[in-house]
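# Chains, contacts and geometry: an overview
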Amino acid sequence: MATPHNRAEKGEIAPSVLLPGDPLRAKFIAENFLSDVKQFNSVRNMFGFTGTYNGKPVSVMGTGMGCPSIGIYTYELIHFYDVKTLIRIGSCGAMTKDLHLGDIVMAIGASTDSNYGAQYELPGTFSATASYSLLRKAQQFAEDFGFPYKVGNVLSSDVFYGDTEGRSMKWTKMGILAAEMESYALYCNAARAGVDALGIFSVSDSLVTGEEMSADDRQNSFTNMMKVALETAV
Ligand code: HPA
């Protein structure tokens, strides 16, 4: 049973899936952190792998960038492959000066400028939130490992190269910690289906100071985030 975007058979994907935006990062995680790895998807080069971590099954699959892309892949994982735990891992741009390059951000909620939630035809605005049990677990692992982290609201934006001056400042005034592009759709899909989702990020750049991470630093801080995500997933 394949979908238009995933050629996996039922049973080839674990109930817990890690979701980096970049499919090559999914490959990197499978090769460096998992054992007994089997690739289950290569449609559109959106690579997906299943393996074990600490002896327990876990899958990792790319999502692409933005709400439409992660919306498709996670809908299929939930509804066609019975996935119950979805943990997005990715980079984010800090929107507060209290966050530093390499810090971990856990999204308790996701605000958005996307129209993704319109499909539900709600008589109001939906607050997209993380699974509290996953968030609690992830926070505990970050504490245990001694990794710096913050928990808060993120902005899932449809726009990376925005045209409006001061746009991000308005979100900062509402306490938004960081910008990324996918969590709102992930949290909506999970909420609608009654499954667990969480977004964990590594600060790769700052919209406040303009700082950016070097490629080497990026890799190390990603490793911290991945460890927290893997421990939380299994
Ligand atoms: N905006 C959106 N997504 C991002 C950013 C950003 O500034 N940095 C890393 N991912």
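So, here's what we can say about the structure. Each residue is numbered by its place in its chain's sequence as written, counting from 1. Residues qualify for local features only when their pLDDT is at least 70, as the model is predicted, and side-chain atom pairs are given and counted only at 80 or more; totals for whole chains, interfaces and linings, by contrast, use all residues. Heavy atoms from the whole structure form the basis of all side-chain values; hydrogens and water molecules are not counted.

## Let's talk about the environment of Val203
Relative to the helices and strands, Val203 resides in strand β10 (residues 196–206). Residue burial is assigned from relative accessible area. The probe radius is 1.4 Å, only protein chains are included, and a residue is buried under 20% of its type maximum, exposed over 50%, and partly exposed in between. Residue classification places Val203 among the buried positions, given a relative accessible area of 1%. In what follows, residue pairs with any heavy atoms lying within 4.5 Å of each other are defined as contacts. Apart from the residues within four sequence positions on either side, Val203 is in contact with Cys92, Ala94, Leu99, His100, Leu101, Gly102, Asp103, Val105 and Met213. Under the scheme used here, helices are H or I runs from DSSP no shorter than 4 residues and strands are E runs no shorter than 2 residues, and both carry numbers assigned from the N terminus.

## A few points about the site of the ligand
Around the ligand, the surrounding shell consists of Ser91, Cys92, Gly93, Phe160, Ala179, Glu180, Met181, Ser204, Asp205 and Leu207. In the environment of the ligand, a nitrogen atom lies 3.2 Å from a nitrogen or oxygen atom belonging to the backbone of Gly93. Within the side chain of Asp205, a nitrogen or oxygen atom sits 2.9 Å from a nitrogen atom of the ligand. Summarising the interface, the protein chains cover 87% of the accessible area of the ligand, which totals 260 Å² for the free molecule. For the shell around the ligand, the secondary-structure elements that each account for two or more residues are β5 (85–94), β9 (178–180) and β10. Under the convention adopted here, Pro, Cys and the residues Ala, Val, Leu, Ile, Met, Phe, Trp and Tyr are nonpolar, Asp, Glu, Lys and Arg are charged, and Gly plus all remaining residues are polar. Split by residue class, the shell around the ligand holds 5 nonpolar, 3 polar and 2 charged. Throughout, the term near means that a residue has one or more heavy atoms lying within 4 Å of the molecule or strand in question. For the purposes of these results, a polar contact is taken to be a pair of N or O atoms within 3.5 Å, where, inside protein, one atom must be able to donate a hydrogen and its partner to accept one; residues adjacent in sequence count only when each atom of the pair is a side-chain atom. In these tables, accessible area is a Shrake-Rupley quantity obtained with a 1.4 Å probe, and a residue counts as shielded only by the protein chains included in the view.

## Here's the deal with a nonpolar patch on the surface
Without a salt bridge and with relative accessible area above 30%, a residue can belong to a patch; like charges are then joined within 9 Å and nonpolar side chains (Val, Leu, Ile, Met, Phe, Trp, Tyr) within 5 Å. Salt bridge criterion: a side-chain nitrogen from Lys or Arg within 4 Å of a carboxyl oxygen from Asp or Glu. On the surface, a cluster of nonpolar side chains totalling about 270 Å² of accessible area is made up of Met1, Tyr75 and Phe80. Along the chain, Phe80 turns up in helix α2 (residues 67–81).

## Description of the side chain of Ser157
Its place among the elements puts Ser157 in the loop between β8 (149–156) and α4 (167–172). Of note is the side chain of Ser157, whose polar atom sits 3.0 Å from the backbone nitrogen of Val159. Separated by 3.4 Å, the side chains of Ser157 and Arg167 make a polar contact. Apart from the residues lying within four places of it in its own chain, the contact partners of Ser157 are Asp113, Arg167, Glu180 and Met181.

## Quick look at helix α1 (residues 23–33)
Buried residues of α1: Pro23, Arg25, Ala26, Ile29, Ala30 and Phe33, and no others. Down the axis of α1, the smallest arc covering the buried residues is 155°, so these residues share one side. Across α1 from its buried face, at more than 90 degrees, point the exposed residues Leu24 and Glu31. At its buried positions, α1 is contacted by β1 (16–20), β2 (35–41), β3 (48–53), β4 (56–61), β5 and α6 (215–233). Capping the start of α1, Asp22 holds a side-chain oxygen 2.8 Å from the backbone nitrogen of Leu24, two or three residues further along. Directions from the helix axis toward the C-beta atoms define the arc.

## Brief notes about the nonpolar core
Among buried residues, the Ala, Val, Leu, Ile, Met, Phe, Trp, Tyr and Cys ones that are joined through side-chain atoms within 4.5 Å form a nonpolar core. By size, the foremost hydrophobic cluster in this structure holds 68 residues, and its most contacted members are Leu18, Leu86, Ile89, Met106, Tyr187 and Ile200. Here the element with the most residues in this core is α6; it accounts for 7 residues. Once residues lying within four places of it in the same chain are set aside, the contact partners of Leu86 are Val17, Leu19, Thr74, Leu77, Ile78, Leu134, Leu186, Val195, Asp196, Ala197 and Leu198.

These figures come from the coordinates and say nothing about function on their own.
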